[in-house]
Amino acid sequence: MIVFRAQRVVVDGVEQPAAVLVVGESIEAVLPVDTLVDAHEVVLGPEEVLLPGLVDTHVHVNEPGRTEWEGFATATAAAAAGGVTTIVDMPLNSLPPTLDVASLDVKRTAAAGQCRVDVGFWGGAVPGNEGQLRPLHDAGVFGVKCFLIDSGVPEFPALPDPSAALRAVAAYDGLLIAHAEDGDLVVDATGRRYADFVASRPEASESSAIARLLRLAGETGARVHVVHLSAAAALPMLAAARASGVRVSVETCPHYLALTAEEVPDGDTRFKCCPPVREAGNRDALWHGLRDGTIDMIVSDHSPCTPDLKRLETGDFGQAWGGIASLQLGLPVVWTQARERGIPLAEVVTWMSHRPAELVGLHRKGRIAAGQDADLVVFAPEQPFTVGELRHRNPITPYAGRDLRGVVRSTWLRGAPIEDEAPPRGRLLVRGED
Ligand code: ZN
């Protein structure tokens, strides 16, 4: 038995003093802070806060097949260092992509024994594989992802009309998550000017694709989720759809909440992602969307690649890989912004832990409460640091050298600290298994 004692414990969206009793892999009870218990004591300092482990449902691990971009060992080590105790891996950029049960098995075999945090998997919906979606669901994926626009890799083709996939998903009451940009409203951009790149992928392209998704979700009754929302212009439409009964949830990412188009240097392709980081006013509107509940959660969209693919030597936004590596940094990046905006840490934790766990139905994750997995993070929110070396396989990130607040001092997975010397203890998660 272990008891964590702290003046600041995030419980149900607020901070309170508490003693958190852990028995084996689970939280047994949340008790008054001075309760006497015969257990190993972990007493947090006055500057430390006990958080539930973060849940990041949008991570591209890329293994097998593009393991030189990232991999289960490095991704999950980076996650642990960043206070993330559960990740859900995207179905693309690995080879094979996760488009049927056989490819899911290949990925599980690749991940087995390597993971320092718990890992779940998304499946993929592409033209013609509607018949595979139910088998993937039954095999334990947490939902299926489609791209309404080109995905960037040829083996995962776009599904601009997801009607058939939505009908299939609705039939088993599953979840379809969508990259929502409209290829008809996106133009090819080349060159070093960041403003040109942003203009090539306008807010209207997101709004158009989201409108189509919402309409089809309404018609089929399927549950849908919009990944990595960048365009705040789509927020009123999303709120209206939800109010009218469409089953939709929305995520955004640390980069859209922390970075602005104005600050991206021309030629600095470390900042390239799709949809793009937009202007400061858009960033403010996304924060507003979080606070008013239109946006449900914040997840990383950690999508790294090898340094050469960022084409830093030419700085051409058209040719560079689009994806931002941030798995280890999501919490301090978001918290640094939230803190400046006067938003409580507990609210950030709801967005980065409880809500993503809810999205995928991981009922034992995302909260400090009796019966939950003892996934815990000791966090020092006021401690400043400068982004230096990271555990990601490739060191490229737009946050390099940034001054942030909030240091993860230790991360606990199901009752034990995650330590480099110990063998990886992460489990491969299956939907519906508690
Ligand atoms: Zn992604």
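Quantities reported herein were computed from a predicted structural model and do not represent experimental measurements.

**Student:** Describe the overall build of the protein, with residues and values.
**Tutor:** A count of helices and strands for the protein gives 11 helices and 17 strands. Its C-alpha radius of gyration of 21 Å places the protein within 12% of the 22 Å reference for a compact globule of 434 residues. Seen through its C-alpha atoms, the protein measures out along the principal axes to roughly 65 × 45 × 45 Å. Within the span of the protein, comprising 434 residues, buried residues form 59% of the whole. Nonlocal contacts in the protein, meaning residues at least 24 apart in sequence, comprise 75% of its contacts between residues at least 6 apart. When the accessible surface of the protein is totalled, it reaches about 15,200 Å², and 51% of it is carbon and sulfur. Charged side chains in the protein number 39 positive and 57 negative. The centres of these two groups are separated by 1 Å.

**Student:** An account of the environment of R66 is needed here, citing residue identities and associated values.
**Tutor:** You can see R66 is positioned in the loop between β6 (54-59) and α1 (72-81). Accessibility expressed as a relative area gives 14% for R66, which makes it buried. With 77 residues separating them along the chain, R66 and G143 place their C-alpha atoms 22 Å apart. Excluding its chain neighbours within four sequence positions, the residues that come into contact with R66 are N93, S94, L95, V153 and E155.

**Student:** I'd like to hear about the pairing of strand β3 (residues 26-31), residue by residue, with values.
**Tutor:** A regular strand places its side chains on the two faces of the sheet in alternate fashion. In the sheet, strand β2 (residues 14-23) pairs with β3 via 5 bridges, with the strands oriented antiparallel. The residue bridging L21 from the neighbouring strand is A29, located in β3. Between β2 and β3, which pair antiparallel one after the other, the connecting turn spans 2 residues, and G24 there sits at a positive phi close to 60°.

**Student:** Report on the pattern of salt bridges, specifying residues and quantitative values.
**Tutor:** Enumeration according to the criterion identifies 30 salt bridges in this entry. The shortest N-O distance in the salt bridge between D284 and R341 comes to 2.9 Å. Residue D284 is located in helix α9 (residues 280-291), and its partner R341 is located in the loop between α10 (330-340) and α11 (345-359); the two are separated by 57 residues in the primary sequence. Connected through salt bridges with shared partners, the residues E25, D118, R364, K365, D373, D375, R414, R425 and R427 form a single ionic network.

**Student:** Give a detailed account of the nonpolar core, specifying residues and quantitative values.
**Tutor:** L51, I87, L176, L229 and L238 are the most contacted members of the largest nonpolar core, which has 94 residues in total. Not counting residues within four places of it along the chain, the set of residues in contact with I87 comprises D56, V59, V61, T76, A79, V117, D118, V119, G120 and L327. Within the second largest apolar cluster, 23 residues are counted, among which are V153, M297, V360 and L362.

**Student:** Explain the sheet that holds strand β9 (residues 123-124) residue by residue, including any values.
**Tutor:** Read from one edge of the open sheet, 6 strands run β9-β10-β11-β12-β13-β14, paired in parallel fashion. Where the open sheet ends on each side, the last strands, each with one partner, are β9 and β14 (297-298). Taken together, the 2 bridges between strand β13 (residues 248-252) and β14 define a ladder with parallel strand orientation. Bridging from a neighbouring strand, T252 pairs with I298 of β14. Along the sheet face, helix α4 (residues 163-171) touches β10 (144-147), β11 (175-179) and β12 (223-226) and points at about 150° away from the line of β11. Where helix α6 (residues 203-220) meets the sheet, it contacts β11, β12 and β13, and its direction lies at approximately 165° from that of β12.

**Student:** So what's going on with the coordination of the zinc ion? Residues and values would help.
**Tutor:** In this structure, H58 (NE2), H60 (NE2) and D301 (OD) serve as the protein donors to the zinc ion, at separations of 2.1 to 2.2 Å. The motif formed by the donor residues of the zinc ion, counted along the single chain, is H-x1-H-x240-D. Like H60, H58 is buried.

**Student:** Account for the environment of A171, naming residues and giving values.
**Tutor:** Assignment of secondary structure puts A171 in helix α4. As a C-alpha pair, A171 and V387 span 216 residues in sequence and 46 Å in three-dimensional space.

**Student:** Summarise the pairing of β11; cite the residues concerned and give the values.
**Tutor:** Along β11, 5 of the 5 residues are buried, which leaves the element largely enclosed by surrounding structure. What you see with β11 is no split at all: L175, I177 and H179 on one side and L176 and A178 on the other are buried throughout. Note that β10 and β11 share 4 bridges and pair parallel. Bridge pairing links F147 to H179 in β11. Where the polypeptide runs from β10 across α4 and back to β11, its parallel neighbour, the crossover connection is right-handed. In terms of strand pairing, β11 meets β12 through 4 bridges, oriented parallel.

**Student:** So what's going on with α9? Residues and values would help.
**Tutor:** Here α9 spans 17 Å end to end across 12 residues, near enough to the 16 Å set by a 1.5 Å rise per residue. Of all the residues in α9, the buried ones are N282, R283, L286, W287, G289 and L290. Projection of α9 onto a plane perpendicular to its axis shows the buried side chains occupying an angular sector of 155°, all on one side. Seen from the open side of α9, the exposed residues pointing more than 90 degrees away from its buried face are G281 and H288.

**Student:** Provide a residue-level description of the packing of aromatic side chains, including the pertinent values.
**Tutor:** Counted by the stated rule, this structure contains 8 aromatic pairs. On the basis of an interplanar angle of 85° and a centroid distance of 4.8 Å, the ring pair of F4 and W412 is categorised as edge-to-face. One end of the pair, F4, is in strand β1 (residues 2-11); the other, W412, is in strand β16 (residues 403-413), and 408 residues separate them in sequence. Taken individually, F4 and W412 each receive the classification buried, so the pair is uniform in this respect. An angle of 70° between the planes, with centres 6.2 Å apart, marks the rings of F72 and F121 as edge-to-face. Residue F72 is found in helix α1, and its partner F121 is found in strand β8 (residues 118-121); the two are separated by 49 residues along the sequence. Members of the aromatic cluster, connected to one another through ring pairs, are Y194, F197 and F317. Here R66 stacks its cationic end above the ring of W69, 5.2 Å away from the centre of that ring.

**Student:** Can you break down the state of the cysteines residue by residue, with the values?
**Tutor:** One pass over the structure, following the stated rule, counts 0 disulfides. Here C273 stays unpaired: no disulfide links it, and the sulfur of C274, its closest cysteine neighbor, is 6.7 Å away. Judged by relative accessible area, which is 3%, C273 ranks as buried.

About the thresholds
- Residues numbered from 1 in each chain as written.
- Predicted model: local features only at pLDDT ≥ 70, side-chain atom pairs only at ≥ 80, totals over all residues.
- Heavy atoms only, no water.
- Helix = DSSP H or I, 4+ residues; strand = E, 2+ residues; numbered from the N terminus.
- Rg over C-alpha atoms; globule rule 2.2 N^0.38 Å.
- Buried < 20%, exposed > 50% of the residue type's maximum accessible area, 1.4 Å probe, protein only.
- Contact = heavy atoms within 4.5 Å.
- Areas by Shrake-Rupley, 256 points an atom, 1.4 Å probe, with all protein chains shown as cover.
- Lys, Arg positive; Asp, Glu negative; His and termini not counted.
- Charge placed at Lys NZ, Arg CZ, Asp CG, Glu CD.
- Pairing = 2+ DSSP bridges.
- Salt bridge = Lys/Arg side-chain N within 4 Å of Asp/Glu carboxyl O.
- Core = buried A, V, L, I, M, F, W, Y, C linked by side-chain atoms within 4.5 Å.
- Axes fitted to C-alpha atoms, helices over the stretch in contact; angles between N-to-C directions.
- Donors = N, O, S within 2.8 Å, 3.2 Å for Na, K, Ca; no water.
- Right-handed = clockwise from strand over helix to strand, strands pointing away.
- Expected span 1.5 Å × (residues − 1).
- Arc of directions from axis to C-beta.
- Phe/Tyr/Trp six-rings, centres within 6.5 Å; stacked < 30°, edge-to-face > 60°.
- Lys NZ or Arg CZ within 6 Å of the ring centre and 35° of its normal.
- Disulfide = S-S within 2.5 Å.

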